[in-house]
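These are the residues of each chain, in order.
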Amino acid sequence: MDTIIILILAILGFLNAFYLYWQHKREITTGQKMFCLIGGDCGVVVGSKYGRSFGIKNELIGMAYYIFLASYFLISMIIPEFGRNLILLTKVVTVIATIFSLYLLFVQAVILRIFCSWCLIAIAINFLIFYCLINKNL
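To keep things clear, this report deals only with the structure shown in the data block.

Reading the values: rules and limits
Residues numbered from 1 in each chain as written. Predicted model: local features only at pLDDT ≥ 70, side-chain atom pairs only at ≥ 80, totals over all residues. Heavy atoms only, no water. Helix = DSSP H or I, 4+ residues; strand = E, 2+ residues; numbered from the N terminus. Buried < 20%, exposed > 50% of the residue type's maximum accessible area, 1.4 Å probe, protein only. Contact = heavy atoms within 4.5 Å. Core = buried A, V, L, I, M, F, W, Y, C linked by side-chain atoms within 4.5 Å.

## Remarks on the side chain of Ser 76
And step 1. Structurally, the position occupied by Ser 76 is in helix α3 (residues 58–78).
And step 2. The class of Ser 76 is buried, set by a relative accessible area of 15%.
And step 3. Ignoring anything within four residues of it in the chain, the contact list for Ser 76 reads Phe 82 and Gly 83.

## Overview of unusual backbone geometry
And step 1. Positive phi values are uncommon outside glycine, yet Phe 54 reaches one of about 55°.
And step 2. Looking at the secondary structure, you find Phe 54 in the loop between β1 (52–53) and β2 (56–57).
And step 3. Although it is not a glycine, Arg 113 sits at a positive phi angle of roughly 55°.
And step 4. Locating Arg 113 in the fold gives a position in the loop between α4 (80–112) and α5 (117–135).
And step 5. Judged by relative accessible area, which is 67%, Arg 113 ranks as exposed.

## As for the nonpolar core
And step 1. Ranked by internal contacts, the top residues of the largest apolar core, which has 19 residues, are Ile 6, Tyr 65, Tyr 66, Leu 69, Phe 73 and Ile 129.
And step 2. The set of elements that each furnish at least two residues to this core consists of α1 (2–30), α3, α4 and α5.
And step 3. Among the elements that take part in this core, α3 stands out by supplying seven residues, more than any other.
And step 4. In contact with Leu 69, other than residues within four places in its own chain, are Ala 10, Thr 90, Thr 94 and Ile 129.
And step 5. One finds Cys 36, Cys 42, Val 45 and Val 46 within the second-largest nonpolar core, a separate group that totals nine residues.

The quantities given are spatial measurements derived from coordinates; they are silent on function.
The structure is reproduced here in structure tokens:
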């Protein structure tokens, strides 16, 4: 059951990151302000110097992370030994993603003092994935 929950969370995380990426790209090309569920300014958050890590947009890093997770769990359902061999790597990557999410939450709350609803959704998804993956025997 935990495998299905994480798979669903990874798909939702990918869709969220893709939507955030698409919205920001649209804002840059058309000037149409990004929609924020909580009335914040997602464009300021995503467009800030903290919107990239190692020169790569955070949304793209997020999409790659969610594709990795979804692929891992889909393949593990078909080939169980694959899952057993790579579970440690998956847990390490998830811990890194969770720590990075904490950092981005800190950036929004303390440095920028502006919140992006889509970023907060991604952070919540990452915490849920962490909880499911680390606290369950997968």
